[in-house]
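Given next are the chains, with one letter for each unit.
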Amino acid sequence: VRLVITEWLFPEMAGLDLLKALKGKAPVIVVTTFAEKGSVMEALKNGAVDYIVKPFSIEQILKKIEQHTGK
């Protein structure tokens, strides 16, 4: 897996649990409406390589993808 882009909230699993499960297996970009510094820091501390706050532009997400995959 080259890159995972995921939401922070799920109905049956917390984003934090997903980050912990994927840690070291694939880079993860979290996309969410939570812009609080604590949420960002928690995601980055637990394996996310980046954090995008909604709403976002297609240019913004493409730039992040390129940063983390080189493509």
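As the structure is a prediction and not an experimental result, all values here were calculated from the model.

Trainee: An account of the sheet that holds strand E1 (residues 4-7) is requested, with residue identities and associated values reported.
Mentor: Reading across from one edge, E1-E2-E3 is the order of the 3 strands in this open sheet, with parallel pairing throughout. Both edges of this open sheet fall to E1 and strand E3 (48-53), since each of them pairs with a single strand only. When the angles between neighbouring strand axes are averaged without regard to direction, this sheet yields 25°. Two strands pair when backbone bridges link them, and strand E2 (residues 28-32) and E3 are joined in this way by 5 bridges, in the parallel orientation. Across the sheet, Val31 pairs through a bridge with Ile52, a residue of E3. The sheet contacts of helix H1 (residues 15-22) involve E1, E2 and E3, and relative to E2 the element is tilted by about 170°. On the sheet, helix H2 (residues 37-45) packs against E2 and E3 and is oriented at approximately 155° with respect to E3.

Trainee: Any details on the nonpolar core? Residues and values, ideally.
Mentor: Counting 13 residues, the largest nonpolar core has Trp8, Leu19, Val28, Val30 and Ala43 as its most contacted members. Those elements that place two or more of their residues in this core are H1, E2, H2 and E3. Looking at this core element by element, the count peaks at 4 residues for H1. Setting aside chain neighbours within four positions, we find Ala43 in contact with Trp8, Leu19, Val30, Ala48 and Tyr51. Formed by 5 residues, the second largest nonpolar core is a distinct cluster that contains Leu3, Ile29, Ile52 and Ile61.

Trainee: How would you sum up the pattern of salt bridges? Please name residues and give values.
Mentor: Summed over all chains, the structure comprises 2 salt bridges. A salt bridge links Glu7 to Lys54, with the shortest nitrogen-to-oxygen separation between them at 2.6 Å. Here Glu7 is found in strand E1, whereas its partner Lys54 is found in the loop between E3 and helix H3 (58-69), with 47 residues between them in sequence. Residue Glu7 is classed as partly exposed on the basis of its relative accessible area of 24%. Classification of Lys54 by relative accessible area gives partly exposed; the value is 34%.

Trainee: Describe the side chain of Asn46, naming the residues involved and giving the relevant values.
Mentor: The residue Asn46 is located in the loop between H2 and E3 in this model. In contact with Asn46, other than residues within four places in its own chain, are Leu16, Leu19, Lys20 and Lys23.

Cut-off values and rules
Residues numbered from 1 in each chain as written. Predicted model: local features only at pLDDT ≥ 70, side-chain atom pairs only at ≥ 80, totals over all residues. Heavy atoms only, no water. Pairing = 2+ DSSP bridges. Helix = DSSP H or I, 4+ residues; strand = E, 2+ residues; numbered from the N terminus. Axes fitted to C-alpha atoms, helices over the stretch in contact; angles between N-to-C directions. Contact = heavy atoms within 4.5 Å. Core = buried A, V, L, I, M, F, W, Y, C linked by side-chain atoms within 4.5 Å. Buried < 20%, exposed > 50% of the residue type's maximum accessible area, 1.4 Å probe, protein only. Salt bridge = Lys/Arg side-chain N within 4 Å of Asp/Glu carboxyl O.

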